[in-house]
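Each chain, letter by letter, is given below.
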Amino acid sequence: MSINVASTISTLEGADRWARQLNDAVARKDYAFAGSLFSTDGYWRDIIALTWAIKTFHGPDAIEEMLGKYAVKSGLRNFRIEGHPRKEQLGEFGSTVELFVAFDTDTITGRGYVRLVADQTDEGQLRALTLLTSADQLTGFPEKSLTNRKRDSHRTTEKGSKNWLDDRIYDQSYEDRDPQVLVIGAGQAGLTVAARLRQLGVDVLVVDKMNRVGDNWRNRYHSLTLHNEICTNHLPYIPYPASWPVFIPKDKLANWMEFYADSMEINVWTDTTFLDGGYDETDRKWTVNLQLRDGQTRTMRPSHVVMAVGVSGKPNIPKFDGTETFRGQMLHSSQHSSDVDVSGKKVLVIGSGTSSHDIAQDAYLRGADVTMLQRSSATVVSIEQSGLAYAAFRKNEGIRPIEETDLMVASIPYDLLRRLHGPLSRKMAEADKELLDGLRKVGFQLDNGEDDTGFFLKLVRYLGGYYIDVGASQLIIDRKIKLKTGASVERLEERSVLLSDGERLETDIIALGTGYRPLQQAVESMFGPAMAERIGPVWGLGEDNELRNMWVRTQQPGFYIAGGTFTMCRFYSKVTALLIKAELEGLLT
């Protein structure tokens, strides 16, 4: 049922009244009344402000119980609205009053976002549909900022005085010290966590096995651009220039990441391989062994390790009968680049997710005869319609800081996101009818997610099973990329692949778009099975409808896992950095 805000209510007065009621109820420990300030379908999502975790509470009873557990312990107080309310529309819930909020606890200053709806039975009363409380700053340990800059002048007034470059070279060398935090991986997750930690005054080193920062993008296939819009992909502190295109080319992005690491003075060791690591429960320190570019081994003793190797985990490479007899080239999507010579060759792409489509399109454009073997149905959405999932970023770009848009987006819990994306994904599918009908006509197997929620929930749940179309779909419709469905690989032969339906495909190159193993297996390969079992599953939504073991403390002390989209990395890197800083300063037990 649509809920309308009564026109007789002053939204500012009503919102301020609601905030004062919540503040007063918490102060007098009347948590039942505080819970009643939420609609019966209301959500309170807390991001390390009260709980030192990411938790969502649904309904007045759950919110009452949460406050009873955390309000006094955290010292929640001084809850207040910021700025002016706005009237918006939120799917099935109709009209909402939305605004930013601020609050304090004993250890943090917080910000958040609230959506209020009118109570149909109590004229003049607003109740919260969603409330986000998110840690912004640690009390006494502010980030460097425009009003909190480092004031060293680097004036060289004495013989032998060091300048800025001397200090940077020394800082990056770690000749006589260990970092407080070691970050494994210099992609968007590793760099954003490191940048946040540097702004908090934490000594952090990033290591990466590649030759240059940005090579995780630079070394990909020639035609790659990001599939989502630039407004969603800014890194913390330094937004992309206004002159940049909406869809960022991979080499432009790679060069920017290298520039970003330098500009943010992030200490990065490239050509450095993580060998192994173990945690000492007594000293609360890690012993980590690294192989440096010169072949030597360096042992370090950080107090925290952040695994930021990408959320895809280890490549899933199936075992086919006859693999040893195949005389062509077989590679996983993670190994595909423009260095692979495909011109004039027959390429079989196994899979129909994003990587499979991208590889098929790239190979076709470089002169290959391409066939896609679709093993299971996929969700396809045009790049134009996929932008509806990021509408808040596009709408607010240039109007408000992206940090505020991030709060607005984070204030929608995943359970509510699931409910909203059903109608949204159907709207996308209706707009894409011509594209989807064309795919069905050539036999492409389509779905719209397990619960009709489209591609975005597939990303959150499985990191796969969808494709945002940047041209490959039309090539499939036009039969320029051939499509084979309803069969699997029976065995490989010298120059062909025999399928389960008896068809034999001549093949020079097999590209495996077969996905990745669960990220928990990456933990196991790096730190051993005992630690992987201790941490448990990684990524995907748990029973609490939050991502499992991402960005927050895990069951392994001093260990964090970071990764995801640029949007996720920009926002949740702050969560990881604040948790680590809080623990280093003794604020977090």
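Look up a bit, the structure's there.
Cut-offs used in this document
- Residues numbered from 1 in each chain as written.
- Predicted model: local features only at pLDDT ≥ 70, side-chain atom pairs only at ≥ 80, totals over all residues.
- Heavy atoms only, no water.
- Helix = DSSP H or I, 4+ residues; strand = E, 2+ residues; numbered from the N terminus.
- Expected span 1.5 Å × (residues − 1).
- Buried < 20%, exposed > 50% of the residue type's maximum accessible area, 1.4 Å probe, protein only.
- Pairing = 2+ DSSP bridges.
- Axes fitted to C-alpha atoms, helices over the stretch in contact; angles between N-to-C directions.
- Contact = heavy atoms within 4.5 Å.
- Patch = residues over 30% accessible without salt bridge, like charges linked within 9 Å, V, L, I, M, F, W, Y side chains within 5 Å.
- Areas by Shrake-Rupley, 256 points an atom, 1.4 Å probe, with all protein chains shown as cover.
- Salt bridge = Lys/Arg side-chain N within 4 Å of Asp/Glu carboxyl O.
- Parallel < 35°, antiparallel > 145°, perpendicular 65-115°, else oblique.
- Left-handed = near helix turned anticlockwise from the far one by under 90°.
- Nonpolar A, V, L, I, M, F, W, Y, C, P; charged D, E, K, R; others polar.
- Phe/Tyr/Trp six-rings, centres within 6.5 Å; stacked < 30°, edge-to-face > 60°.
- Lys NZ or Arg CZ within 6 Å of the ring centre and 35° of its normal.
- Arc of directions from axis to C-beta.
- Core = buried A, V, L, I, M, F, W, Y, C linked by side-chain atoms within 4.5 Å.

## Digging into helix α5 (residues 188–199)
Note on helix geometry: an α-helix contains 3.6 residues per turn, so any two residues three or four positions apart are oriented the same way.
Thinking step 1. Relative to the 16 Å expected for 12 residues at 1.5 Å per residue, α5 spans 17 Å between its end C-alpha atoms, a close match to the ideal helical length.
Thinking step 2. Taking burial as the measure, the 12 residues of α5 include 12 buried ones, the bulk of the element.
Thinking step 3. All of the buried residues in α5 are Gln 188, Ala 189, Gly 190, Leu 191, Thr 192, Val 193, Ala 194, Ala 195, Arg 196, Leu 197, Arg 198 and Gln 199.
Thinking step 4. Looking one or two residues beyond α5, the residue adopting positive phi is Gly 201, at roughly 80°.

## Focus: the sheet that holds strand β19 (residues 482–485)
Thinking step 1. On the basis of which strands lie adjacent, the open sheet formed by five strands has the order β14-β23-β15-β16-β19 and parallel pairing. Looking at the sheet topology across the chains shown, the edges are occupied by β14 (329–332) and β19. Adjacent strand axes in the sheet meet at a mean angle of 20° when their direction is disregarded.
Thinking step 2. Where strand β16 (residues 369–374) lies against β19, four bridges are found, and the strand directions are parallel. Within β19, the residue paired with Thr 371 across the bridge is Lys 482.
Thinking step 3. Each of β15 (346–350), β16 and β23 (509–512) is contacted by helix α8 (residues 354–365), which is oriented at about 165° to β16, the strand it contacts most.

## With respect to a nonpolar patch on the surface
Thinking step 1. Together, Trp 164, Leu 165 and Ile 169 give the surface a local cluster of nonpolar side chains, amounting to about 310 Å² of exposed area.
Thinking step 2. Tracing the backbone through its elements, the reader meets Trp 164 in helix α4 (residues 164–173).
Thinking step 3. Using a relative accessible area of 41% as the deciding quantity, one classes Trp 164 as partly exposed.

## Details of the packing of α5 against helix α7 (residues 250–263)
Thinking step 1. In the contact formed by α5 and α7, the axes pass within 10 Å of each other and the chain directions differ by 20°. Classified by the angle between their axes, α5 and α7 sit roughly parallel to one another. Here the hand of the crossing between α5 and α7 comes out left-handed. Taking contact as the criterion, the partners of Gln 188, Leu 191 and Ala 195 in α5 are, on α7, Met 257, Tyr 260 and Ala 261.
Thinking step 2. Here the contact of α5 with α7 is composed, by residue class, of five nonpolar, one polar and no charged.

## So, the packing of aromatic side chains
Thinking step 1. Within this structure, the stated rule accounts for 21 aromatic pairs.
Thinking step 2. When the centroid spacing of 5.1 Å and the interplanar angle of 75° are considered together, the rings of Phe 527 and Phe 559 count as edge-to-face. Of this pair, Phe 527 sits in helix α16 (residues 519–527) while Phe 559 sits in strand β24 (residues 559–561), and the two are 32 residues apart along the sequence. Comparing Phe 527 with Phe 559 shows no difference in burial state: the two are buried.
Thinking step 3. Put simply, the rings of Trp 18, Phe 38, Trp 44, Phe 79 and Phe 103 touch in pairs and so form one group of aromatic residues.
Thinking step 4. Over the ring of Tyr 170 we find Lys 162; its NZ or CZ atom is 5.3 Å from the centre of that ring.

## What to know about the sheet that holds strand β5 (residues 108–118)
Thinking step 1. The mixed open sheet is built from six strands, whose spatial order is β2-β1-β6-β5-β4-β3. Edge strands, defined here as strands with exactly one partner in the open sheet, are β2 (54–58) and β3 (77–89). Direction aside, the axes of adjacent strands within the sheet are offset by 15° on average.
Thinking step 2. In this sheet, strand β6 (residues 126–138) lies alongside β5 in antiparallel orientation, the contact comprising 11 bridges. By the bridge assignment, Leu 116 is partnered in β6 with Ala 128.
Thinking step 3. Helix α3 (residues 60–74) contacts β1 (38–47) and β2 of the sheet and is inclined by roughly 35° relative to β1.
Thinking step 4. In the packing of helix α12 (residues 414–431) onto the sheet, contacts are made with β1, β2 and β6, and the angle to β1 comes to roughly 125°.

## Observations regarding helix α1 (residues 11–27)
Thinking step 1. Taking 1.5 Å per residue, 17 residues should reach 24 Å; α1 reaches 24 Å between its end C-alpha atoms and fits that length.
Thinking step 2. Of the residues making up α1, those classed as buried are Thr 11, Gly 14, Ala 15, Trp 18, Ala 19, Gln 21, Leu 22, Ala 25 and Val 26. All buried residues of α1 lie within an arc of 155° about the axis, which places them on one face of the element. Across α1 from its buried face, at more than 90 degrees, point the exposed residues Glu 13 and Ala 27.
Thinking step 3. After α1 finishes, the residue Lys 29 shows a positive phi value of roughly 60°.

## So, the nonpolar core
Thinking step 1. Formed by 149 residues in total, the largest nonpolar core has its most connected members in Trp 18, Trp 44, Ile 266 and Phe 527.
Thinking step 2. A per-element tally of this core places helix α18 (residues 566–584) first, with 11 residues.
Thinking step 3. Excluding its chain neighbours within four sequence positions, the residues that come into contact with Phe 527 are Ile 184, Phe 274, Gly 277, Trp 286, Val 305, Met 307 and Phe 559.
Thinking step 4. Within the second largest apolar cluster, 26 residues are counted, among which are Ala 363, Ala 378, Leu 439 and Ala 472.

## Regarding the pairing of β2
Thinking step 1. Alignment of β1 against β2, held across five bridges, turns out to be antiparallel. Counterpart to Ile 47 in the pairing with β2 is Ile 54.
Thinking step 2. Taking the residues between adjacent antiparallel strands as the criterion, β1 and β2 are bridged by six residues, where Ile 48 takes a positive phi near 50°.

## Regarding the environment of Leu 457
Thinking step 1. Its location among the elements puts Leu 457 in helix α14 (residues 454–462).
Thinking step 2. Counting along the chain gives 221 residues from Leu 457 to Pro 236, while the straight-line C-alpha distance between them is 25 Å.
Thinking step 3. When sequence neighbours within four positions are dropped, the list of residues in contact with Leu 457 reads Leu 417, Arg 418 and His 421.

## Considerations on the pattern of salt bridges
Thinking step 1. Counting across every chain of the model gives 45 salt bridges.
Thinking step 2. Across the pair Glu 88 and Lys 395 runs a salt bridge, and its minimum N-O distance is 3.1 Å. Highlighted residues: Glu 88 in strand β3 and Lys 395 in helix α10 (residues 391–396), separated in sequence by 307 residues.
Thinking step 3. In this structure Glu 88 comes out as partly exposed when scored by relative accessible area, which is 22%.
Thinking step 4. A salt bridge links Arg 168 to Asp 171; the shortest N-O distance between them is 3.4 Å.

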